[in-house]
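Structural overview
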Amino acid sequence: MNNHLSRILACIFSLALLIAVQGCRSSMQPSQSGTATDIDASQRAAMIVSAYPSWTSFATSGRVSIDNGRISSSMQMKIIRNKSITVSIRPVFGIEVGRMMITPDSVVLVDKMNKIYASEQISSLTNGMPFTIEDFQNLLLNRCFVVGEGTLSDELLSRMNISSLNDGGIRISAKQKVAGFGYAFLTDANNNVTRLEAASEADAKPYAVDYSDFKNGIAQSLSIDLTIGSIATSIAFSLDASRIKWNQDVFEPIQPRNNYRRVALIDYIKNIKM
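Okay, the overall build of the protein chain next. Along its length, the protein chain carries four helices and 17 strands. Taking all 274 residues of the protein chain together, the buried fraction comes to 53%. Taking the contacts inside the protein chain whose residues are at least 6 apart along the sequence as the reference set, 55% of them involve residues at least 24 apart. Total accessible area on the protein chain stands at roughly 13,000 Å², and carbon and sulfur atoms take up 48% of it.

Following this line, the structure appears as structure tokens:
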């Protein structure tokens, strides 16, 4: 059980790291544009971004699963806008066994089962990518964004190409690549963002995050295929819509105990037996 839960912590960290450095791999191919006019698509894109409410914090509980649900645990997720993302693993009776916190300048992971912690500066992990904590927060809340510049807004729409899709949705893609990557957001006919995909010039396959089960503008399910070293796996978050809370005081500091052993984050991932 300890190893299974440690794998969940490792996968959650890998998700954050891979998104920051290069994205998460999907075997699906990029969607193709349809024949509807760009004017119609642009109007819909403007409607999507104008519907984003202002917020200061987000909190919910749910489940996190890896390997297509073979290993799963209850969890809590707490987000403070532009400040932090915290994921707490609580498999039994709400007792926390591990936690990861991302801030604008650091990542901290505490594994209470193995009495291990890791702490790294974001700048040492991202290879110069301009991906920010606000981008990662938008990704978790299935909102469109411009990498390094924040949530997509009326002012930032000029940075995007917008076109209609054959299935009734629209595609909102960045005009400029970031470190060799182009990226795009896909919606369904109801203007829900169903996919974030990215592709590099060096890799024909896109990277993607898929969203589903929408309620009140939030995707209750988020799924990603990723590779840790040579091991292919998947990670999925299922959020409990009835427990979502906005704009409350949700900050919880993360502090390892004195008797915990510090390890490098990358070594922690490598040492988890996949």
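Let us look at the pairing of strand E4 (residues 98–102). Note on strand geometry: in a regular strand, side chains alternate between the two faces of the sheet. Burial analysis of E4 places five of its five residues in the buried class, the great majority of the element. By the alternation rule, side chains of E4 split into Gly98, Met100 and Ile102 and Arg99 and Met101, which are all buried. Two strands pair when backbone bridges link them, and strand E3 (residues 84–89) and E4 are joined in this way by five bridges, in the antiparallel orientation. Directly across from threonine 86, in E4, lies its bridge partner methionine 101. Examined bridge by bridge, E4 and strand E5 (residues 106–111) share five bridges and lie antiparallel to one another. Paired with glycine 98 across the two strands is aspartate 111, which belongs to E5. Between E4 and E5, which follow one another and run antiparallel, lie three residues.

Counting residues in each nonpolar core, the largest one holds 63 residues, and the members touching the most others are Leu139, Leu152, Ile172, Tyr183 and Phe185. Residue contacts for leucine 152: discarding those within four places in its chain leaves Val49, Tyr52, Cys144, Phe145, Val146, Leu157, Met160 and Ile172. Of all hydrophobic cores here, the second largest spans six residues; its members include Val108, Val110, Tyr117 and Tyr260.

In this section: helix H3 (residues 133–140). Counting buried residues in H3 gives eight out of eight residues, a clear majority hidden from the surface. Burial in H3 covers these residues: Ile133, Glu134, Asp135, Phe136, Gln137, Asn138, Leu139 and Leu140. One or two residues past the end of H3 sits asparagine 142, with phi positive at roughly 45°.

Bringing the environment of alanine 118 into the picture now. With respect to the secondary-structure elements, alanine 118 resides in strand E6 (residues 116–121). Look at alanine 118 and you get buried, because its relative accessible area is 0%. Each C-alpha atom of the pair alanine 118 and valine 263 lies 5.2 Å from the other, and the pair is 145 residues apart in sequence. Setting aside its immediate chain neighbours within four residues, alanine 118 contacts Val107, Val108, Leu109, Val263, Ala264 and Leu265.

What counts and what doesn't
- Residues numbered from 1 in each chain as written.
- Predicted model: local features only at pLDDT ≥ 70, side-chain atom pairs only at ≥ 80, totals over all residues.
- Heavy atoms only, no water.
- Helix = DSSP H or I, 4+ residues; strand = E, 2+ residues; numbered from the N terminus.
- Buried < 20%, exposed > 50% of the residue type's maximum accessible area, 1.4 Å probe, protein only.
- Contact = heavy atoms within 4.5 Å.
- Areas by Shrake-Rupley, 256 points an atom, 1.4 Å probe, with all protein chains shown as cover.
- Pairing = 2+ DSSP bridges.
- Core = buried A, V, L, I, M, F, W, Y, C linked by side-chain atoms within 4.5 Å.

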